[in-house]
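Understanding the architecture of this molecule
Single-letter residue listing:
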Amino acid sequence: MTDIVAADIGGTNARFARASLDENGVPTLGTVRKYKVADYQSLSACWAAFAQDEAKDGAGALPDAASIAFATAIGREVIKLTNSSWVIRADTLAADLGVRTVRLVNDFEAVAHAVSRLPKENLPLLFGEDRPFPRDGGVTVMGPGTGLGVAMIAFDDGDPHVIATEGGHLDFAPLDHTEERILSYLRDKFLRVSTERIVSGPGLNYIYKAMATIGHERVVLMEDPELWQAALDGSDDFARRALDRFCLCYGSVAGDLALAHGPHAVVLAGGLTQRMRDFLQDSGFHSRFKAKGRFESLMAGIPIRCAIHEEIGLFGAAAAFRENKA
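First things first, this report covers the structure right here in the doc.

Conventions adopted
- Residues numbered from 1 in each chain as written.
- Predicted model: local features only at pLDDT ≥ 70, side-chain atom pairs only at ≥ 80, totals over all residues.
- Heavy atoms only, no water.
- Buried < 20%, exposed > 50% of the residue type's maximum accessible area, 1.4 Å probe, protein only.
- Helix = DSSP H or I, 4+ residues; strand = E, 2+ residues; numbered from the N terminus.
- Polar contact = N/O pair within 3.5 Å; in protein donor to acceptor, adjacent residues only side chain to side chain.
- Core = buried A, V, L, I, M, F, W, Y, C linked by side-chain atoms within 4.5 Å.
- Axes fitted to C-alpha atoms, helices over the stretch in contact; angles between N-to-C directions.
- Parallel < 35°, antiparallel > 145°, perpendicular 65-115°, else oblique.
- Left-handed = near helix turned anticlockwise from the far one by under 90°.
- Contact = heavy atoms within 4.5 Å.
- Expected span 1.5 Å × (residues − 1).
- Pairing = 2+ DSSP bridges.
- Salt bridge = Lys/Arg side-chain N within 4 Å of Asp/Glu carboxyl O.

In terms of burial, helix α3 (residues 107–117) is largely enclosed, as ten of its eleven residues are buried. F108, E109, A110, V111, A112, H113, A114, V115, S116 and R117 are the residues of α3 that are buried. Capping the start of α3, N106 holds a side-chain oxygen 2.9 Å from the backbone nitrogen of F108, two or three residues further along.

What follows is the structure in structure tokens.
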């Protein structure tokens, strides 16, 4: 067993846990501790709070290795979190935290590592044929959140290799007159309209406002959390209509990415997907996913699964450690 600290650092919350990795790289998480990023001046300060809380509970000294997922692009010497003041210097981070080894991954790259290690019961089938991941070939992992996270698992003779991508920043492609008008509405606001402007947490509000403007509808303006709740519980009919359109767009984008990565399997991940799972299955998602012309019969059989795990970011950060130690 290999013991490490796993961390999942977002713009709002930072989560930490001890993790033990078995010989296959499958993590077991210890007690998960959550901290508000805004309450700490730096990652080092938040790390120290975690170490102190562990010591209070008699857990002893922290392991001397860490794997940390960040909600931003990785690979630069200086990493700036999108929604917080924390600045991380990759070359001094291990020393700053007092560990021997530290591994850094993008947050959705971590999700893909989690998917590659999750048991089948955590990957229920939503659509398509119930078949395992390919022994050779690509699996698309995606999910809407603050943006649209996209990663790929490339299987080579059964071994998974996670590839981080920026697939959420592809151009949005409308498929009917309504979406053409939504695209036109967004072009007045943004120089370029990427898929994550529409298929993301904030994207539902853009669709809602665009559809209201197009149809000259009087609607109640809501913040994103309130709108999502109203759409999912059906308390606002127009919000529900916007969610119907969201699911159509989500299906289109998922199908495009599956074709680009090699049409073997798709895994939908993240908190929003888990919340809308039941609604998604009764929506137009799959009809749009399949609507790829000459490839429609191929697309119909592709397994589309939902990744279920309460702490998928932490689990994935831990799973990422074994494959490529820093």
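Now that the structure has been shown, we can carry on.
So, on to the nonpolar core. Counting residues in hydrophobic clusters, the biggest one holds 49 residues, and the most contacted among them are M142, L243, F246, Y250, L268, F285 and F289. For this core, the leading source of residues is helix α7 (residues 237–261), giving twelve residues. Membership of the second largest hydrophobic core comes to 25 residues, among which are C46, W47, W86 and I88.

Right, let's get into the packing of helix α5 (residues 203–215) against α7. In a packed pair of helices, the relevant descriptors are the angle between the two axes and the axis-to-axis distance. Packing of α5 against α7 leaves a shortest axis separation of 9 Å and a crossing angle of 115°. Relative to α7, the element α5 is oriented roughly perpendicular. With respect to the hand of their crossing, α5 and α7 are arranged in right-handed fashion. Contact residues: α5 offers L204, I207, Y208, M211 and A212, while α7 offers F238, A239, R241, A242, L243, R245 and F246.

This part takes up α5. The α-helix winds at 3.6 residues per turn, so residues separated by three or four positions along the chain end up facing the same way. In a regular helix each residue adds 1.5 Å, so 13 residues correspond to 18 Å; α5 covers 18 Å between its end C-alpha atoms and thus fits that length. All of the buried residues along α5 are G203, L204, N205, I207, Y208, A210, M211 and A212. Next to the buried residues of α5 lie α4 (177–187), α6 (224–233) and α7. Count one or two residues on from α5 and you reach H216, which has phi positive near 55°.

Here the focus is the packing of α4 against α7. Axis separation between α4 and α7 bottoms out at 12 Å; the angle between their running directions is 95°. Classified by the angle between their axes, α4 and α7 sit roughly perpendicular to one another. In this structure, α4 uses T178, E179 and I182 to contact α7, whose residues at the interface are R245, L248 and C249.

By the element assignment, R288 lies in helix α10 (residues 285–290). Here the side chain of R288 touches D176 through a polar contact of 3.4 Å, side chain to side chain.

Moving on, we come to the sheet that holds strand β14 (residues 304–306). Overall, mixed pairing links the six strands, which are arranged β9-β14-β13-β10-β11-β12 in an open sheet. Edge positions in the sheet fall to β9 (125–127) and β12 (159–164), since each of these pairs with one other strand and no more. For this sheet, the mean angle separating the axes of adjacent strands, direction not counted, is 30°. Here strand β10 (residues 137–144) pairs with strand β13 (residues 265–268) via four bridges, running parallel. Residue pairing for β13: T140 is matched across the bridge by V266. Together, β10, β11 (148–156), β12 and β13 form the strand contacts of α3, whose direction differs from that of β11 by roughly 45°. Of the strands in this sheet, β10, β11 and β13 are in contact with α7, which crosses β10 at around 155°.

Scanning the entire structure with this criterion turns up 17 salt bridges. Here R33 and D57 are joined by a salt bridge, their closest N and O atoms 2.5 Å apart. Here R33 is found in strand β4 (residues 33–36), whereas its partner D57 is found in the loop between α1 (43–56) and β5 (65–70), with 24 residues between them in sequence. Judged by its relative accessible area of 55%, D57 is exposed. Its salt-bridge partner being D176, residue R288 comes within 3.4 Å of it at the nearest N-O pair. You can see R288 sitting in helix α10 and its partner D176 sitting in the loop between β12 and α4, a full 112 residues away along the chain. Under the relative-accessibility criterion, D176 is labelled partly exposed at 25%. Salt bridges here are not isolated pairs; linked through shared partners, they connect R18, R33, E54 and D57.

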